[in-house]
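A look at the structure
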Amino acid sequence: MVTVAEHQALLAECDQWRNQLRQAKENINHLRSELYTAAAGKTDHEYLKEVEHYHNQFHIQLINVHDVKHAIKHHVADAEHHPNFGHKIPHHNLELQVKQLLADIDQLNKDFHRFIGETA
């Protein structure tokens, strides 16, 4: 049986994850704007291949953010519909997904800024 406090903590953590993912989405959109600014007027084929790579990576990560937010939404709906049912395992799995996604986005951010710094 799940206590009210445990249930509320689960929902609060999901809200925190959604906020973190919202910030990650904003960060990716900012990175994409930086990419477009950096690529303006460039004609070097190798450089443009890297630009395309980062453009694709940003798009993929935005999809990943959307998918994880959607999974959180369903997890919260399940938790609210069945508050006394144990949701620890799905919650833990979502926590791992969120942490991995945020780590991947952070690494992409670092790699992108290294690329921009090398070509500036």
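Described in the following lines is the structure provided in the data block.

Quick notes on the rules
- Residues numbered from 1 in each chain as written.
- Predicted model: local features only at pLDDT ≥ 70, side-chain atom pairs only at ≥ 80, totals over all residues.
- Heavy atoms only, no water.
- Helix = DSSP H or I, 4+ residues; strand = E, 2+ residues; numbered from the N terminus.
- Buried < 20%, exposed > 50% of the residue type's maximum accessible area, 1.4 Å probe, protein only.
- Contact = heavy atoms within 4.5 Å.
- Areas by Shrake-Rupley, 256 points an atom, 1.4 Å probe, with all protein chains shown as cover.
- Lys, Arg positive; Asp, Glu negative; His and termini not counted.
- Charge placed at Lys NZ, Arg CZ, Asp CG, Glu CD.
- Core = buried A, V, L, I, M, F, W, Y, C linked by side-chain atoms within 4.5 Å.
- Phe/Tyr/Trp six-rings, centres within 6.5 Å; stacked < 30°, edge-to-face > 60°.
- Axes fitted to C-alpha atoms, helices over the stretch in contact; angles between N-to-C directions.
- Parallel < 35°, antiparallel > 145°, perpendicular 65-115°, else oblique.
- Left-handed = near helix turned anticlockwise from the far one by under 90°.
- Nonpolar A, V, L, I, M, F, W, Y, C, P; charged D, E, K, R; others polar.

A look at the overall build of the protein
For the protein, the count of helices and strands is three helices and zero strands. N-terminal to C-terminal, the α/β element order of the protein is α-α-α. Its C-alpha atoms put the protein at 60 × 20 × 20 Å along the principal axes. Across the 120 residues of the protein, 31% fall into the buried class. Counted over contacts in the protein with a minimum sequence separation of 6, partners at least 24 positions apart contribute 81%. Taken as a whole, the protein presents about 7,800 Å² of accessible surface, with 54% of it coming from carbon and sulfur. Across the protein, 12 positive and 17 negative side-chain charges occur, with their mean positions spaced 3 Å apart.

So, the nonpolar core
Of all hydrophobic cores here, the largest spans 29 residues; its most connected members are Leu21, Tyr54, Phe58, Ile72, Phe112 and Phe115. Of the residues forming this core, the biggest block, eleven residues, is contributed by helix α1 (residues 4-39). If we ignore the near neighbours within four places in the chain, the residues touching Phe112 are Leu31, Glu34, Leu35, Tyr54 and Phe58.

Some details on the packing of aromatic side chains
Taken as a whole, this structure holds five aromatic pairs when the rule is applied. Measuring from centroid to centroid gives 5.3 Å for Phe58 and Phe112, while their planes differ by 80°, and the two rings are edge-to-face. With Phe58 in helix α2 (residues 45-81) and Phe112 in helix α3 (residues 88-119), this residue pair connects regions lying 54 residues apart in the sequence. Comparing Phe58 with Phe112, the two get one shared label, buried.

Some details on the packing of α1 against α2
It is the contact of α1 with α2, at a shortest axis distance of 10 Å, that shows an interaxial angle of 165°. One finds that α1 runs roughly antiparallel with respect to α2. Where α1 crosses over α2, the two elements pack in a sense that is left-handed. Among the residues making up the contact of α1 with α2, the classes are represented as 21 nonpolar, five polar and six charged.

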